[in-house]
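Read off the chains here:
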Amino acid sequence: MEASRPWCLADNSTPSQTRSRIECLVKNFLDSLVAHEPAIKPLSMVCRTSRNTEAHDRFFGQGCIYLSDAVYDKSFTRKNGENSYYRVWKLLELCYKLLGLGKDVTQRELFYMLLTDAAAKVESQAQVNESIQDVVALLRCDRRSLGILASSKGSVVGRLVIEEAGGDIVDCSRLGSSAHVISGDLNLQQKFQSDARYILVVEKDAIFQRLVEDRFFQSVPSIIITAKGYPDLASRALLHRLHKEFPSLPIVALVDWNPGGLAILCTFKFGSIRMGLEAPKYVCDVKWLGLRQRDIQTYVPKEAFVNLEDQDRTLANSLLTSKMLKNQEVYKGEILEMLVSGQKAEIEALYAHGYNFLTRFITQKLVQRDYI
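These numbers were taken from a predicted model, which means no experiment stands behind them.

Here 6 strands make up an open sheet; going across it, the order is 10-7-13-12-14-15 and the pairing mixed. The open sheet is flanked by strand 10 (180-181) and strand 15 (286-290), the only strands paired with a single partner. For strand 14 (residues 251-254) and strand 15, the ladder comprises 4 bridges, and the chain directions are parallel. Looking at the pairing, Val252 lines up with Lys287 of strand 15. Packed onto the sheet, helix 5 (residues 205-213) meets strand 7 (155-158), strand 12 (198-202), strand 13 (222-226) and strand 14 and runs at close to 155° relative to strand 13.

Let us now look at the pattern of salt bridges. Inspection of every chain in the model, using the stated rule, returns 24 salt bridges. In this structure, Glu93 and Lys97 form a salt bridge, with 3.0 Å as the shortest nitrogen-oxygen distance. Within this pair, Glu93 and its partner Lys97 are both found in helix 2 (residues 82-101), separated by 4 residues, close to a single helical turn. Across the pair Lys332 and Glu329 runs a salt bridge whose closest N-O atoms are separated by 3.3 Å.

It is worth spelling out the side chain of Ser155 at this point. Within the fold, Ser155 resides in strand 7. In this view, Ser155 contacts Ser178, Ala179, His180, Ile182, Phe208, Ile224, Ile225, Thr226 and Lys228; residues no more than four positions away in its chain are not counted.

Our focus in this paragraph is the packing of aromatic side chains. As enumerated under the stated definition, the model contains 7 aromatic pairs in all. With a centroid separation of 5.0 Å and 70° between ring planes, the pair formed by Phe111 and Tyr112 is classed as edge-to-face. Overall, the relative accessible area of 43% leaves Tyr112 in the partly exposed class. Put simply, the rings of Tyr299, Phe357 and Phe361 pair up and form one aromatic cluster. Its end group placed over the ring of Tyr96, Arg19 keeps NZ or CZ at 3.9 Å from the ring centre. Taking the ring centre of Tyr86 as reference, the NZ or CZ of Lys121 above it sits at 5.7 Å.

This next bit is on the confidence of the model for the protein chain. In this model, the protein chain carries a mean pLDDT of 87, and residues with pLDDT of at least 70 account for 94%. Considering only residues more than four positions removed or in separate chains, one finds that residues 58-62, a stretch of pLDDT under 50, has 15 contacts.

Turning our eyes to something else, we now look at the UniProt feature "active site" (unreviewed entry) in the protein chain. UniProt annotation of "active site" (unreviewed entry) refers to Tyr112 when read in the numbering used here. Tracing the chain through its elements places Tyr112 in helix 3 (residues 107-117).

Moving on, we come to a nonpolar patch on the surface. A contiguous nonpolar surface patch, about 410 Å² in accessible area, is contributed by Val26, Leu30, Leu33, Val34 and Ile40. With respect to the helices and strands, Leu33 occurs in helix 1 (residues 15-33). Looking at Leu33, the relative accessible area reads 35%, which means it is partly exposed.

Glancing now at the packing of helix 8 (residues 259-270) against helix 10 (residues 310-321). Taken N-terminus to C-terminus, the directions of helix 8 and helix 10 make an angle of 40°; their axes are 9 Å apart at the nearest point. Comparing their axes, helix 10 and helix 8 come out oblique. For helix 8 against helix 10, the interelement crossing comes out left-handed. Between helix 8 and helix 10, the residues in contact are Pro259, Gly260, Leu262 and Ala263 and Asp312, Leu315, Ala316 and Leu319, respectively. Split by residue class, the contact of helix 8 with helix 10 holds 6 nonpolar, 1 polar and 1 charged.

On to the sheet that holds strand 9 (residues 169-171), then. Taking strand neighbours across the sheet as the criterion, the 3 strands line up as 9-8-11 in an open arrangement whose pairing is antiparallel. Strands at the two margins of the open sheet, each flanked by one partner only, are strand 9 and strand 11 (191-193). Looking at each pair of strands side by side, their axes are set apart by 15° on average, direction ignored.

Of all hydrophobic cores here, the largest spans 77 residues; its most connected members are Leu200 and Ile362. If you tally residues by element for this core, the top one is helix 8, at 7 residues. The contact partners of Leu200, leaving out residues within four places of it in the chain, are Leu211, Phe216, Ile223, Ile224, Ile225, Val252, Leu254, Leu289 and Ile362. One finds Leu25, Ala137, Leu139 and Cys141 within the second-largest nonpolar core, a separate group that totals 33 residues.

Here the focus is the environment of Asp31. Inspection of the secondary structure assignment puts Asp31 in helix 1. Separated by 130 residues in the primary sequence, Asp31 and Val161 place their C-alpha atoms 53 Å from one another.

Turning next to the packing of helix 5 against helix 12 (residues 357-367). One way to put it is that helix 5 packs onto helix 12 with a least axis distance of 10 Å and a crossing angle of 90°. When the axes of helix 5 and helix 12 are compared, the pair comes out roughly perpendicular. Of the residues in helix 12, those in contact with Ile207, Arg210 and Leu211 of helix 5 are Leu358, Thr359 and Ile362. Partitioning the contact of helix 5 with helix 12 into residue classes produces 4 nonpolar, 1 polar and 1 charged.

Rules used throughout
Residues numbered from 1 in each chain as written. Predicted model: local features only at pLDDT ≥ 70, side-chain atom pairs only at ≥ 80, totals over all residues. Heavy atoms only, no water. Pairing = 2+ DSSP bridges. Helix = DSSP H or I, 4+ residues; strand = E, 2+ residues; numbered from the N terminus. Contact = heavy atoms within 4.5 Å. Axes fitted to C-alpha atoms, helices over the stretch in contact; angles between N-to-C directions. Salt bridge = Lys/Arg side-chain N within 4 Å of Asp/Glu carboxyl O. Phe/Tyr/Trp six-rings, centres within 6.5 Å; stacked < 30°, edge-to-face > 60°. Buried < 20%, exposed > 50% of the residue type's maximum accessible area, 1.4 Å probe, protein only. Lys NZ or Arg CZ within 6 Å of the ring centre and 35° of its normal. pLDDT = per-residue confidence, 0-100. UniProt positions renumbered as here; feature names shortened; annotations may be inferred. Patch = residues over 30% accessible without salt bridge, like charges linked within 9 Å, V, L, I, M, F, W, Y side chains within 5 Å. Areas by Shrake-Rupley, 256 points an atom, 1.4 Å probe, with all protein chains shown as cover. Parallel < 35°, antiparallel > 145°, perpendicular 65-115°, else oblique. Left-handed = near helix turned anticlockwise from the far one by under 90°. Nonpolar A, V, L, I, M, F, W, Y, C, P; charged D, E, K, R; others polar. Core = buried A, V, L, I, M, F, W, Y, C linked by side-chain atoms within 4.5 Å.

Next comes the structure, spelled out in structure tokens:
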């Protein structure tokens, strides 16, 4: 049996510890500039590629994604590497100042701060997000330690009472269609109370809104979460925290029967390569409630099927060869069925049986424990 490589995980450092790490980097950089043979020293950071990825069942009995300790050097002299190298140093400078002031910022705020200071080096939010990952891989501390808040787009509703750090109380069962916006504060100082029996993760906001309108959480005591598509970090952090607070509650996911839906479930369940250094802080054992092959065979009319697109096939093949699904034969079987049939189906196809059918469908599957 192939031996697993050493774990490499980002830790949660205090502001003073993080600032000390930045100071050491600066000192080493300056030393290289005044050396006998001056040089702009490369930045050595953990490699974030699939080749440096492993899957391990230490967390919750599943294949959590993590990165090994292999490193690569981000060089100033590499072709087209000057701007990327500069952004990392500028981000280190900003985080150092903000930690000294005791301030937190969002990724979007960092983008505009960098844009103000160095417009010629920054073109997009994606570049800043990548630089944040570079800093995490460089310092080996998580973004909480850098004072960076997660951008949040998710919502939560249902049998959950949240006591905010300031003492405010939010009863998520008394909210309207807007639900409760998930906080981007990754320190999550809130306190939680719940009498739920399930935690339901829903891929789409439209389905989430339907369940809110039907007051599903009243008939089936539950907490309902949506990240409105691909899971943002704040939604993943909340789900992980709820799992720790209420470990006996099954967490189940309702996603489209397509490669994208399964990729969303896998991100909640296993983590992602880009976030490999922080994966254990954001994953939990999410079960696949639906849609699955048996569901679409039973409930989805032929007219509701849609042909797979090229990007669907590319994603499906990527999932099939990924290390996180190495021992997930049922998951791979579902993907293969999608590829063989050349089709996919959305949750909304269940509306062919009436708008009230969605609630009955989920309830029946929960009662029968029809999830994997």
